[in-house]
Amino acid sequence: MRLGLLAAVTLLAACAAAPRPPCNPTPEPGTLGSICGFENPEDVEAVPQAGLVLVSNMRPLGAGPPGGKLMALNVRGTTPRQLWPANGDVREPLIGDPTCTTPPADDTFSPHGINSIPSGVPGVVHVAVVHHGSRESIELFALLGSGDDAVLVWRGCVPYPPGVTGNDVAFAPDGELVASNFQPTFKGFRGAYYMMKGGLGLRTGDVIAWHAERGWRRLAGTAAPQPNGVAVSDDGNTVYYAQAGWGRVAALPRDGDPDGTALRSVKLPGHPDNLAWSPRGTLLVGVHTSGAKPLLCIFGRLPCRASWALVEIDPRTLEATERFRHDGDVVGAVASAAEIDGCTYFGSVFDDRIGVRCEPERKPE
């Protein structure tokens with residue numbers, strides 16, 4: 001039955017979708033535009049300290065060789081530039097797992113989820129990136145400087161435990177890294193099997209965390225179908241994560257929920273992907289709204305026109321408000337959103353572009 005489903009999806013994917021409109025990096029305020037120059041830009045991360053939006057270019061998972069990039073886009077800019085690979089720039093002393101002493105090779109880099117946090121040192125931002133390719137790991141970087149002068153240097157990595165394939169990562173205030181364990185693998189028929197299993201609402205992973213003094217641990221009570229985006233509250237007490245296969249975003253204490261009484265959740269209009277904090281202290285969630293249609297994009301039906309929505313969640317009450325909905329024609333299968341300087345940028349897991357939508361400037365009263 002599994003092979004039959006895969007064959008049917010592959011056959012449907014063979015029918016290529018019609019080309020999409022050209023990119024429009026400077027849309028009218030309040031409308032959706034797009035910025036080209038990316039390859040599978042799954043996650044976008046606003047870094048106000050550097051005046052940048054970081055964008056992961058992970059390349060198709062399991063569909064070809066690695067060789068992805070971390071890109072940067074100046075706020076209100078229209079031309080992305082590559083930050084990593086960057087000629088092997090490394091800064092000592094290394095942090096992370098002491099057994100990880102060399103950065104991933106340029107041709108094996110495949111970045112996925114991104115998170116950043118101020119370092120406390122002016123002009124330096126800590127960056128964590130989920131990585132697939134030569135190893136399953138969280139790669140650790142320092143972002144130095146700002147704007148066109150910003151550079152990214154490698155600081156170390158934390159390999160995932162065996163049997164874990166990451167998706168997103170978030171810093172906690174005490175230095176712990178909280179990460180989603182999405183499913184055992186993305187690769188081949190086995191990866192497709194777990195994708196379909198999660199889509200049917202069956203558990204495929206959980207949320208895990210790593211600290212330099214304690215190593216890895218699992219957050220009790222977080223097993224879910226395709227745990228995806230993660231976020232940690234400013235005080236470090238609460239973890240939020242997307243239960244993609246159940247169409248929910250959940251919140252629980254960072255210590256976990258072993259007796260099943262502390263977890264809260266909210267149902268969303270589709271399958272939630274990445275989470276990000278807005279300047280208002282709310283959670284921004286990219287939500288896939290086209291059911292199983294993204295499976296066609298996984299198997300090659302491109303450009304991907306899967307519909308999506310932007311949802312904003314109050315972290316205290318978990319009240320969810322839909323802010324924007326799109327049919328996927330300008331940019332499809334949006335997985336993430338980042339808000340900075342009055343504009344929202346949208347990452348797309350299967351596209352060659354990101355979305356951008358800026359609010360109209362308020363006129364003086």
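Residues numbered from 1 in each chain as written. Predicted model: local features only at pLDDT ≥ 70, side-chain atom pairs only at ≥ 80, totals over all residues. Heavy atoms only, no water.

K.L.:
I'd like a description of the overall build of the protein chain, backed by residues and values.
P.N.:
Looking only at helices and strands, the protein chain features three helices and 24 strands. Looking at the protein chain as a whole, 55% of its 365 residues qualify as buried. Look at the contacts in the protein chain between residues 6 or more apart in sequence, and 53% of them connect residues 24 or more apart. As displayed, the protein chain offers around 15500 Å² of accessible surface, 54% of which is attributable to carbon and sulfur atoms. (Helix = DSSP H or I, 4+ residues; strand = E, 2+ residues; numbered from the N terminus. Buried < 20%, exposed > 50% of the residue type's maximum accessible area, 1.4 Å probe, protein only. Contact = heavy atoms within 4.5 Å. Areas by Shrake-Rupley, 256 points an atom, 1.4 Å probe, with all protein chains shown as cover.)

K.L.:
Please set out the pattern of salt bridges residue by residue, giving values where relevant.
P.N.:
Where charged atoms from two side chains of opposite charge approach closely, those side chains can pair. Under the definition given, this model contains 16 salt bridges. Here aspartate 351 ties to arginine 353 by a salt bridge, and the two come within 4.0 Å at their closest N and O atoms. The class of aspartate 351 is buried, set by a relative accessible area of 5%. Within this structure, Asp174, Glu176, Arg214, Arg217 and Arg254 form a network of salt bridges that share partners. (Salt bridge = Lys/Arg side-chain N within 4 Å of Asp/Glu carboxyl O.)

K.L.:
Go over the state of the cysteines, please, and point to the residues and values.
P.N.:
On inspection of all chains with the given rule, the structure shows four disulfides. Shown here is the disulfide that connects cysteine 297 with cysteine 304, its sulfur atoms set 2.1 Å apart. As the torsion about the S-S bond is roughly 75°, the cysteine 297-cysteine 304 disulfide counts as right-handed. Taking the relative accessible area as the measure of exposure, cysteine 304 reaches 0% and is therefore buried. The side chain of cysteine 343 participates in a disulfide bridge whose partner is cysteine 358; the two sulfur atoms lie 2.0 Å from each other. Since a negative S-S torsion denotes a left-handed disulfide, the cysteine 343-cysteine 358 link at about 105° is right-handed. Of this pair, cysteine 343 sits in strand 23 (residues 343-348) while cysteine 358 sits in strand 24 (residues 353-358), and the two are 15 residues apart along the sequence. (Disulfide = S-S within 2.5 Å.)

K.L.:
Would you mind going over the layout of surface pockets in detail, with residue names and values included?
P.N.:
Taken as a whole, the second largest pocket spans an internal volume of roughly 710 Å³. Among the secondary structure elements, those contributing two or more residues to the lining of the second largest pocket are strand 2 (44-47), strand 6 (109-118), strand 10 (165-171), strand 14 (227-232), strand 18 (271-277) and strand 22 (334-340). For the lining of the second largest pocket, the leading source of residues is strand 6, giving five residues. (1 Å grid on protein atoms, 1.4 Å probe; cavity = no way out; pocket = protein on both sides within 12 Å on 5 of 7 lines; lining within 4 Å. Points joined across faces, edges and corners; volume = space filled by probe spheres on them.)

K.L.:
Summarise the sheet that holds strand 24; cite the residues concerned and give the values.
P.N.:
Strand order in this open sheet of four strands is 1-24-23-22, and the pairing throughout is antiparallel. Among the strands making up the open sheet, the edge pair consists of strand 1 (33-36) and strand 22. Ignoring which end each strand starts from, the neighbouring axes of this sheet average 25° apart. Pairing of strand 1 with strand 24, which is carried by four bridges, proceeds in the antiparallel orientation. Counted as the bridge partner of isoleucine 35 is isoleucine 354 from strand 24. (Pairing = 2+ DSSP bridges. Axes fitted to C-alpha atoms, helices over the stretch in contact; angles between N-to-C directions.)

K.L.:
Explain the packing of aromatic side chains to me, and be specific about the residues and the numbers.
P.N.:
Scanning all chains against the criterion turns up six aromatic pairs. Ring centres 5.6 Å apart and planes at 25° place the aromatic pair tyrosine 160 and tryptophan 216 in the stacked group. Of the two residues, tyrosine 160 sits in the loop between strand 9 (151-159) and strand 10 while tryptophan 216 sits in strand 13 (residues 215-218), which places them 56 residues apart along the sequence. The exposure class assigned to tyrosine 160 is buried, which follows from its relative accessible area of 8%. Arranged with centres 5.7 Å apart and planes meeting at 85°, the rings of tyrosine 240 and tryptophan 277 form a pair that is edge-to-face. A residue pair is termed long-range when its members are at least 10 positions apart, and tyrosine 240 in strand 15 (residues 238-243) and tryptophan 277 in strand 18 qualify at 37 residues. Judged by its relative accessible area of 5%, tyrosine 240 falls in the buried class. Members of the aromatic cluster, joined through ring pairs, are Trp308, Phe324 and Phe346. (Phe/Tyr/Trp six-rings, centres within 6.5 Å; stacked < 30°, edge-to-face > 60°.)

K.L.:
Pulling in residues and values, what's your account of the environment of valine 249?
P.N.:
Within the secondary structure layout, valine 249 lies in strand 16 (residues 248-253). We classify valine 249 as buried; its relative accessible area is 0%. Through-space distance from the C-alpha of valine 249 to that of leucine 275 is 9.1 Å; in sequence the pair is 26 residues apart. Excluding anything up to four places from it in sequence, valine 249 contacts Tyr241, Ala242, Arg264, Ser265, Val266, Leu268, Pro272, Leu275, Val285 and Ile313.

K.L.:
Tell me about the environment of glycine 201, and name the residues and values.
P.N.:
Mapping glycine 201 onto the fold places it in the loop between helix 2 (188-199) and strand 12 (206-211). The spacing of glycine 201 and glycine 247 is 46 residues in sequence and 9.0 Å in space, taken between C-alpha atoms. When neighbours within four sequence positions are excluded, glycine 201 is seen to be in contact with Pro225, Gly245 and Trp246.

K.L.:
An account of the environment of glutamine 243 is needed here, citing residue identities and associated values.
P.N.:
Examined against the element boundaries, glutamine 243 turns out to sit in strand 15. Excluding its chain neighbours within four sequence positions, the residues that come into contact with glutamine 243 are Ala224, Pro225, Gln226, Arg248, Ala250, Leu263 and Pro272. A polar contact is formed between the side chain of glutamine 243 and the side chain of tyrosine 241, at a distance of 2.9 Å. (Polar contact = N/O pair within 3.5 Å; in protein donor to acceptor, adjacent residues only side chain to side chain.)

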